[in-house]
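A structural walkthrough
Each chain, written out:
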Amino acid sequence: MPHAARSALALSIVTGLGLAAATPAQAHLVEDLGVRRGAPAHISLSTGFNGFAGAGIKTIHVDGVQMDAFCIDPFTMALRSSPGYKFVPLKKAPEAPFTLSASEATEISDLWAMFYNPGMKENKAAGLQLAIWEIVGGDDFSVIGKDYGANLMLAALRSYSGPGAGLIALTGPGQDYVVLTPPGQGDESTPTPRPHSTPTPTPHSTPTPTPTPTSTPTPVLAKVEYPPPELEFVSVVLEREGDQTYLTTTIRNNGSVTALFNGGCRWECPPGGRAVSGGSSFAQGEMLNVTDKERSYRRAVYNICDIPLPFQVNCSMDVRSWVEGETSSQRKTVEWSQQMEITNQN
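Here's a quick rundown of the structure. (Residues numbered from 1 in each chain as written. Predicted model: local features only at pLDDT ≥ 70, side-chain atom pairs only at ≥ 80, totals over all residues. Heavy atoms only, no water.)

Let's talk about the overall build of the chain
Basically, it comes down to this: Helical segments are the DSSP runs of H or I of at least four residues, strand segments are the runs of E of at least two, and each set is numbered from the N terminus. Each residue is placed in one exposure class: buried if its accessible area under a 1.4 Å probe, protein chains only, is under 20% of its type's maximum, exposed if it is over 50%, and partly exposed if it falls in between. What makes two residues a contact is simply this: any of their non-hydrogen atoms within 4.5 Å. All accessible-area figures derive from a Shrake-Rupley calculation using a 1.4 Å probe, and residue coverage is judged against the displayed protein chains alone.
Regarding its fold elements, the chain presents 3 helices and 15 strands. Burial analysis of the chain (346 residues in total) assigns 44% to the buried set. Long-range contacts, defined as pairs at least 24 residues apart, comprise 73% of the intrachain contacts of the chain with a sequence gap of at least 6. About 17,700 Å² of surface is accessible on the chain, with carbon and sulfur atoms providing 52% of the total.

Focus: helix α2 (residues 122-137)
Counted only if it meets this: Expected span of a helix: the number of residues minus one, times 1.5 Å.
With 16 residues, α2 should cover 22 Å at 1.5 Å per step; its first-to-last C-alpha distance of 22 Å lies within 8% of that length. α2 sits mainly inside the fold: 12 of its 16 residues count as buried. Three or more residues of α2 are buried, namely Ala125, Ala126, Gly127, Leu128, Gln129, Leu130, Ala131, Ile132, Trp133, Ile135, Val136 and Gly137. Of the surrounding elements, those touching the buried residues of α2 are β1 (28-45), β2 (50-62), β3 (65-71), α1 (102-115), β5 (141-143) and α3 (150-156). After α2 finishes, the residue glycine 138 shows a positive phi value of roughly 55°.

Thoughts on the nonpolar core
Here is the rule: Definition used in this section: a nonpolar core is a set of buried Ala, Val, Leu, Ile, Met, Phe, Trp, Tyr and Cys residues joined via side-chain atoms within 4.5 Å.
Core analysis: the largest hydrophobic core is formed by 41 residues, its most contacted members being Ile43, Ile72, Leu90, Ile108, Leu111, Leu128 and Leu130. At the level of secondary structure, the elements contributing two or more residues to this core comprise β1, β2, β3, α1, α2, α3 and β6 (167-171). The element best represented in this core is α2, accounting for 9 residues. Leave out the neighbours within four places in its chain, and isoleucine 72 touches Leu90, Ala93, Pro94, Ile132, Val136, Ala169, Asp176, Tyr177 and Val178. By size, the runner-up hydrophobic cluster in this structure holds 28 residues, among which are Val236, Phe261, Cys265 and Val301.

Describing the packing of α1 against α2
Put simply, the rule reads: Fitted lines through C-alpha atoms give the axes, limited to the stretch in contact for helices. The angle between two N-to-C directions lies from 0 to 180 degrees. Oblique is the label for any angle not covered by the other classes, which are roughly parallel (under 35 degrees), roughly antiparallel (over 145) and roughly perpendicular (65 to 115). By the convention adopted, Pro, Cys, Tyr, Trp, Phe, Met, Ile, Leu, Val and Ala count as nonpolar, Lys, Arg, Asp and Glu as charged, and the other residues, Gly among them, as polar.
α2 packs onto α1 with a crossing angle of 170° between their chain directions and a minimal axis gap of 10 Å. Taken together, the axes of α1 and α2 are roughly antiparallel relative to one another. Where α1 abuts α2, its residues Glu104, Glu107, Ile108, Leu111 and Phe115 lie against Lys124, Leu128, Ala131, Ile132, Ile135 and Val136. Partitioned by chemical class, the residues of the contact of α1 with α2 number 8 nonpolar, no polar and 3 charged.

With respect to the sheet that holds strand β8 (residues 231-241)
For clarity, the threshold we go by: Whether two strands pair depends on DSSP finding at least two bridges between them.
Across the sheet, 4 strands lie side by side as β12-β9-β8-β15; this open sheet has mixed pairing. Edge positions in the sheet fall to β12 (294-301) and β15 (343-344), since each has one partner strand and no second. Note: β8 against β15, 2 bridges, orientation parallel. Its bridge partner being in β15, arginine 240 is matched across the sheet by asparagine 344.

Thoughts on the environment of arginine 298
Short version of the rule: For this analysis, a polar contact is any N or O atom pair within 3.5 Å, provided that within protein one partner can donate a hydrogen and the other can accept it, and provided that sequence-adjacent residues contribute only side-chain to side-chain pairs.
Its place among the elements puts arginine 298 in strand β12. C-alpha of arginine 298 to C-alpha of tyrosine 246: the two residues are 52 residues apart in sequence and 6.6 Å apart in space. When near neighbours in sequence (up to four residues on either side) are disregarded, arginine 298 contacts Glu239, Glu241, Tyr246, Leu247 and Thr248. Of the polar contacts made by the side chain of arginine 298, one reaches the side chain of glutamate 239; its length is 3.5 Å. A polar contact is formed between the side chain of arginine 298 and the side chain of glutamate 241, at a distance of 2.5 Å.

As for the packing of aromatic side chains
To keep things clear, this is the line we draw: Within 6.5 Å between ring centres, the rings of Phe, Tyr and Trp (the latter by its six-membered ring) count as paired, and their orientation is classed by plane angle as stacked under 30 degrees, edge-to-face over 60, tilted in between.
Applying the stated criterion across every chain yields a total of 8 aromatic pairs. Here the aromatic rings of phenylalanine 261 and tyrosine 297 are separated by 5.7 Å at their centres, their planes lie at 85°, and the arrangement is edge-to-face. With phenylalanine 261 in strand β10 (residues 258-268) and tyrosine 297 in strand β12, the pair connects residues that are 36 residues apart, well separated along the chain. Exposure remark for phenylalanine 261: the relative accessible area of 1% places this residue in the buried category. Using a relative accessible area of 4% as the deciding quantity, one classes tyrosine 297 as buried.

As for α1
The end-to-end C-alpha distance of α1, which contains 14 residues, comes to 20 Å, matching closely the 20 Å that a straight helix rising 1.5 Å per residue would cover. The complete set of buried residues in α1 reads Ala105, Ile108, Ser109, Asp110, Leu111, Trp112 and Phe115. The inward-facing, buried residues of α1 contact β3, α2, α3, β6 and β7 (177-180).

Side note on the state of the cysteines
Condition: Throughout, a disulfide means two cysteine sulfur atoms within 2.5 Å of one another.
Applying the stated criterion across every chain yields a total of 2 disulfides. Two residues, cysteine 265 and cysteine 315, share a disulfide whose sulfurs are 2.0 Å apart. Its S-S torsion of approximately 110° makes the covalent link between cysteine 265 and cysteine 315 right-handed. Of this pair, cysteine 265 sits in strand β10 while cysteine 315 is found in strand β13 (residues 311-323), placing the two residues 50 residues apart along the sequence. According to the relative accessible area criterion, cysteine 315 is buried, its value standing at 3%. Along the chain, the cysteines engaged in disulfide bonds are linked according to the scheme 1-4, 2-3 when indexed in sequence order.

Written out as structure tokens, the structure is:
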């Protein structure tokens, strides 16, 4: 993988299907279809990236054969379709300086054997991907906030004594992947040249012309148009329970794809009280899919108005579509505004 490509992230995971054995010189076309089972994770890289990435099982096609794959290089951008991939042992990927050692390759094989299942839950799939990234990235990679059990998985490695999974890496122009080794598949990395005797040349009556080299055209990646996000506020409630006040927002997804969003509310208090204004977030990196459709988010608030009169509350969400493990460029702001009072719960 070109080192210059290291800047964005990637996501992935694995169930291997049969693939015909390839000759050592053969290159494969890999199509990345995105994360099919996983969750967003907030990660930080030494290369400067700090934000959310899709972590989980990724579906790829290798010469048209579908496989599950995990990303083994969070520092490199995933390409939707790219020729030039080869199967290599796990300890020969990804590109330096993050090439796996033999012990790190064994840890990933053991993690796979311990936790991977093609039907595993989204959060567990995300945790397994994050654990793999922790092994690959070391001090250059960190998870901020929820790690979906990645640290528990890594801790479990210390007591594991069973066999590892039979894995192989796919390395190429974009992100590198780890998959179950297809039947009959071997190492396609460039072999070390060995000394050999010089063959006796065969006489030719007519010299064989040297073919004119032709350049391989760079594939043009089609721009993917994601459906726009369609979230709405169903209700916003401020309620007091004893000495504590809570903000509860109910959000509905009316669109056709999962939405990734951040949201918060602000309020202006009536004159005469100690508080002038206040606010609280209710969502940070939350996802709402089309299956759940509707969800409520409850947060304790502390800077609330202290006069029992209606006051203005303004809420907003920054929303993006989340398709195949990637955020789309299409985003929108959804707003809600109303005069409110605090309700008391008995």
